[in-house]
Number of protein chains: 2
Amino acid sequence: MSLLVIGTLAYAAVETPNDKREGLLGGSAMYCAVAAAAMRRRESPGPRLVGVVGQDFREEDLEMMRKAGIDVDGVEVAEGKTFRWGGRYEPDWNTRHTTFTDLNVLEHFDPKVPEAFRDSEYVFLANAHPAVQAKALEQVNGSPFVVADTMNLWIEIALDDLKTLLQRIDGLILNDEEARMLTGKANLIQAAQQVLAMGPRYVILKKGEHGAFIMGEDVHFSLPAYPVTDVVDPTGAGDCFAGGFMGSLVRDGAHHPEALRRAMLFGTVTASFCVQGFSVESLVTRSGDQLQARFQELASICTL
Amino acid sequence: MSLLVIGTLAYAAVETPNDKREGLLGGSAMYCAVAAAAMRRRESPGPRLVGVVGQDFREEDLEMMRKAGIDVDGVEVAEGKTFRWGGRYEPDWNTRHTTFTDLNVLEHFDPKVPEAFRDSEYVFLANAHPAVQAKALEQVNGSPFVVADTMNLWIEIALDDLKTLLQRIDGLILNDEEARMLTGKANLIQAAQQVLAMGPRYVILKKGEHGAFIMGEDVHFSLPAYPVTDVVDPTGAGDCFAGGFMGSLVRDGAHHPEALRRAMLFGTVTASFCVQGFSVESLVTRSGDQLQARFQELASICTL
């Protein structure tokens, strides 16, 4: 079983209530791939990554991803600079302001899925313009299990493209704010039902510190966030959730309700490690045993 | 096993985004007692209620409580009018403004626990001034399992009394805002740990539509809210949660970790019925089978 992850790689400047960092490796697809790689069984192939970076992209960052088990053959190096982004968190940690966005090479991102990646059985379309996501998806053969992420910007400026995409994917991952925006429903259960009516078989709704739920044709499962008390940087938590979620499905080689429930827990686990450090520094050093231990702990917290 | 509930009875004026009602039966102890009564086994004695009302209190409301199985012998009728309160919800349903508060007979509330109630093995101190809660507790014999509620007002103006009370109770139920206010911790897990350091063995933290968790010496359990899509009036949901929680413990005749987890589910179930109507109109008509069915549904949503 192989997982294909398509989306952005970035360098980020992040300001939290406690600290400030620049030049952090970021990007939705990078976070997702690292989390999914952490989920793989020893000796299993890691996720396949498709994205674009600039000529300034650090070789050490590519090397880190390779070491983590990610196949970076789909990371195109384009002329120009890597996508850059800056964010600042309010003292409550929940509100984030974007301080700047330099699209750079991302502006003309035209995803090319390498021939060797086209047989992937699981596909994650990380946050990108829905037309770009669709273009990437067209290059995949067979009938993969496809989950996509999106963001408020695309709901605002590319709603038609997003609605078209929703007809072609199995699951949509989005956060509470995006769900309300996409559906106009304040009640998150109603919002989730509305998303399902738009096409996907499953909707995964993330609520930050309040956990997440999955709803769909044969599953309804809700769980709390893992209780992290030492948050260092919340950036990428949602993408790492998606990576842990997809990585768990690939590991199980299945997406039946039981596998989906377990995937929700593993998504929560990888997201919790993510927020305990800047970039993926806390996640990339975790052993499978550590993930498994936190999975068990979380299971005990949310099981009757 | 008997449950003693001490707190307020009120008449309330409630304005929701959809509707407006006056003269609604309310009060923290009333909501709690009705929810606990709904939890009792057929033929088992219902909760014992201690509170004060004015001469204007409607006989039909006392009769409704009696029919629900509540022992109202501890409801004192004092000279004057019943406590009155008004609230208005913002369009998002989450923010409530108090439009007026007429304490009336509540101003000189001096709880008197009838002799026949003093052997109660479970005691719930519904929201009231912590000194009043302590005064009520002093009248109970033996070593009951005591859980208390509180509110932001008491954290502001009676913090020392509250801290003294915390040394004498087994569990504190409070919402996220109150937990942050009491402890100064924004992170709810840290806030809960801080509350435990103040004395009680258990803290039950309610997060509204995001569910609740219990943390303590031998238990840590978190669960989502029951997915209600037809909210009519959120008023009293927290008190009904407490009532379902305490009622479940009494029904089990135990407060070991397994009973506490089950109680969290039943609290969630009674709260969910509460919000589907004004006052307790939706809760009071529920059969034990309906509660049980929703318990099972919730268990399936939150179990791996």
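Notes on the structure in this doc start here.

### Digging into the interface of chain A and chain B
- Taken together, the contact between chain A and chain B spans 25 residues of the former and 25 residues of the latter.
- Counting residues per element, the ones that place at least two in the side of chain A that touches chain B are α7 (188–197), β13 (219–223), α9 (257–274) and α10 (288–302) of chain A.
- Considering every element that reaches the side of chain A that touches chain B, the biggest residue donor is β13(A), with 4 residues.

### Brief notes about the environment of L174(B)
All names here are of chain B.
- The topology assignment puts L174 in strand β10 (residues 171–175).
- Here L174 falls in the buried class, since 26 other C-beta atoms lie within 10 Å of it.
- C-alpha separation for the pair L174 and F273, spaced 99 residues apart in sequence, amounts to 20 Å.
- Excluding its chain neighbours within four sequence positions, the residues that come into contact with L174 are D149, T150, A179, L182 and L205.

### Quick notes on the sheet that holds strand β6 (residues 84–89) of chain A
All names here are of chain A.
- Judged by pairing direction, the sheet is mixed, and its 4 strands sit side by side in the order β3-β2-β6-β7 without closing on themselves. Only two strands of the sheet have a single partner each, and these edge strands are β3 (20–26) and β7 (96–102). Averaged over neighbouring strand pairs, the angle between their axes works out to 20 degrees when direction is ignored.
- As paired elements, strand β2 (residues 10–15) and β3 share 5 bridges and run antiparallel to each other. Residue pairing across strands places E15 opposite K20, the latter belonging to β3.

### Section: the environment of S2(A)
All names here are of chain A.
- Checked against the element boundaries, S2 lands in the segment before β1 (3–6).
- Residue S2 is classed as partly exposed on the basis of its C-beta count, with 18 C-beta atoms lying within 10 Å.
- Setting aside residues no more than four positions away along its own chain, S2 makes contact with P45, R48, S120 and E121.

### Some words on the relation of the copies chain A and chain B
- After a rotation of 180 degrees and a shift along the axis of 0.0 Å, chain A superposes on chain B with an RMSD of 0.0 Å. Seen this way, the second copy is the image of the first under a two-fold rotation axis. Scanning chain A for the C-alpha nearest the rotation axis identifies T303(A), at a separation of 2.5 Å.
- Take the interface residues of chain A: 100% of them recur as interface residues in chain B, which is what a same-surface contact looks like.

Reading the values: rules and limits
Residues numbered from 1 in each chain as written. Chains lettered and ligands numbered in written order. Predicted model: local features only at pLDDT ≥ 70, side-chain atom pairs only at ≥ 80, totals over all residues. Contact = placed C-beta atoms within 7 Å. Helix = DSSP H or I, 4+ residues; strand = E, 2+ residues; numbered from the N terminus. Buried ≥ 20, exposed ≤ 12 C-beta atoms within 10 Å, placed from the backbone. Pairing = 2+ DSSP bridges. Axes fitted to C-alpha atoms, helices over the stretch in contact; angles between N-to-C directions. Least-squares fit on C-alpha atoms with pLDDT ≥ 70 in both.

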